[in-house]
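Structure at a glance
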Amino acid sequence: MQKFSLLGSTGSIGTQSLEIIEEHPEQFELVALGAGSNIELLADQIRQFQPSLVSVNDGSKVQQLKELIKDVKKQPDIMTGQQGAIAVAEHPDADTVITGIVGCAGLQPTCRAIEAGKDICLANKETLIAGAPYVLPLAQKHGVHILPAGMRISTDELSCVLMYWVHNGAGSNRASLTCK
């Protein structure tokens, strides 16, 4: 069974990822969720998937979330902010982390997941564009796979990132780009 942590659970990548996890309960389990401020949807996700850890970006929403899930038998630990997102990314039971956080906010949790040996399903192009010179060698060092998950990144953007990394960090003069 593949166990996942999901950052950005209430966004479009997050909800689509949860649909897939829901359709294949014999193959996938969700162990941790991270969300921004859509507390009502997050409460529904907690009820359905019963993660052991939840992170809310907006700490002022924690009390509202606790009220919404007070009837849930298995109460998750609740953390907030960047530290909460990092805890979700590093969750000890997760094999893979789906990162759907918008913008550069996903860079640090992604790096921490990599350092913890988690494979990454990356749905955040900013992490790759802004952090490729650091993220890609880090993934290589830790034997972690980075897989695209619904990224809206153009082939030109990805080529530029890969070529920059090849010429400035990988010590090689070749890169391969495979698209399906």
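Structure: above.
The following paragraphs examine the structure supplied in this document. (Residues numbered from 1 in each chain as written. Predicted model: local features only at pLDDT ≥ 70, side-chain atom pairs only at ≥ 80, totals over all residues. Heavy atoms only, no water.)

Structural notes on the side chain of Ser5
In plain terms, the rule: Every helix listed is a DSSP run of H or I at least four residues long, and every strand listed is a run of E at least two residues long, numbered separately from the N terminus. Should any heavy atoms of two residues lie within 4.5 Å, those residues are counted as being in contact.
Tracing the backbone shows Ser5 in strand E1 (residues 2-7). What Ser5 contacts, discounting residues up to four positions off in sequence, is Val31, Ala32, Val88, His91, Ala94, Thr96, Val97 and Ile98.

Describing the pairing of strand E4 (residues 77-80)
Definition in use: Any two strands with at least two DSSP bridges between them are considered paired.
Looking at chain direction, strand E3 (residues 53-56) and E4 are connected through four bridges and run parallel. Residue pairing across strands places Val54 opposite Ile78, the latter belonging to E4.

Things to note about the pairing of strand E6 (residues 119-122)
The condition that has to hold: With the strands pointing away from the viewer, any crossover whose connection runs clockwise from the first strand over the helix to the second is right-handed.
Strand direction decides the pairing type here: strand E5 (residues 96-99) and E6, joined by four bridges, are parallel. Residue pairing in the sheet places Ile98 in a bridge with Cys121 of E6. Crossover E5 to E6 through helix H5 (residues 107-115) is right-handed. Pairing of E6 with strand E7 (residues 146-148), which is carried by three bridges, proceeds in the parallel orientation. Paired with Cys121 across the bridge in E7 is Leu147. Chirality of the crossover, the property in question, places the unit of E6, helix H6 (residues 125-142) and E7 among those that are right-handed.

A look at the side chain of Lys118
Defined as follows: Between buried and exposed lies partly exposed: a residue is buried under 20% and exposed over 50% of the maximum accessible area for its type, with that area taken using a 1.4 Å probe on protein chains only. Counting rule applied: Lys, Arg positive; Asp, Glu negative; His and chain ends not counted. Each reported salt bridge corresponds to a side-chain nitrogen of Lys or Arg within 4 Å of a carboxyl oxygen of Asp or Glu. Throughout this description, a polar contact denotes any pair of N or O atoms lying within 3.5 Å of each other; where both atoms belong to protein, one of them has to be capable of donating a hydrogen while the other can accept it, and for residues adjacent in sequence the pair is counted only when both atoms sit in side chains.
Position of Lys118 among the secondary structure elements: in the loop between H5 and E6. No salt bridge is formed by the buried Lys118; the nearest opposite charge belongs to Asp95, separated by 6.5 Å. Polar contacts involving the side chain of Lys118 include one to the main-chain carbonyl oxygen of His91, which spans 2.8 Å.

Focus on the nonpolar core
How we decide: Only buried residues count toward a nonpolar core, which is a set of Ala, Val, Leu, Ile, Met, Phe, Trp, Tyr and Cys residues joined through side-chain atoms within 4.5 Å.
Membership of the largest hydrophobic core comes to 23 residues, with the highest contact counts inside it found for Leu7, Val97, Ile114 and Ile120. Looking at this core, the elements that each hand over two or more residues are strand E2 (28-35), helix H4 (81-89), H5, E6 and H6. Counting residues per element, this core draws most heavily on H6, at six residues. Apart from residues lying up to four places away in sequence, Ile114 is in contact with Ile120, Val135, Leu138, Ala139, His142, Val144 and Ile146.

Considerations on the environment of Leu138
Mapped onto the fold, Leu138 is located in helix H6. Judged by relative accessible area, which is 7%, Leu138 ranks as buried. Separated by 26 residues in the primary sequence, Leu138 and Arg112 place their C-alpha atoms 9.9 Å from one another.

Let's talk about the sheet that holds E6
Just so we agree on the cut-off: Axis definition: a line fit to C-alpha positions, over the contact stretch in the case of helices; interaxial angles, taken between N-to-C directions, run 0 to 180 degrees.
Pairing is parallel in the open sheet, where seven strands are placed in the order E4-E3-E2-E1-E5-E6-E7. With partners counted over all chains shown, the strands left at the sheet margins are E4 and E7, one partner each. Neighbour to neighbour, the strand axes of the sheet diverge by 25° on average, direction disregarded.

Re the packing of aromatic side chains
Test applied: Only the six-membered ring of Trp is used, alongside the rings of Phe and Tyr, when aromatic pairs are assigned; centres must lie within 6.5 Å, and planes under 30 degrees apart are stacked while those over 60 apart are edge-to-face, with the rest tilted.
A full pass over the atoms with the stated rule returns one aromatic pair. Centroid distance Phe4 to Phe28: 5.5 Å. Interplanar angle 70°. Geometry classified as edge-to-face. You can see Phe4 sitting in strand E1 and its partner Phe28 sitting in strand E2, a full 24 residues away along the chain. The partly exposed category is assigned to Phe28, whose relative accessible area is 23%.

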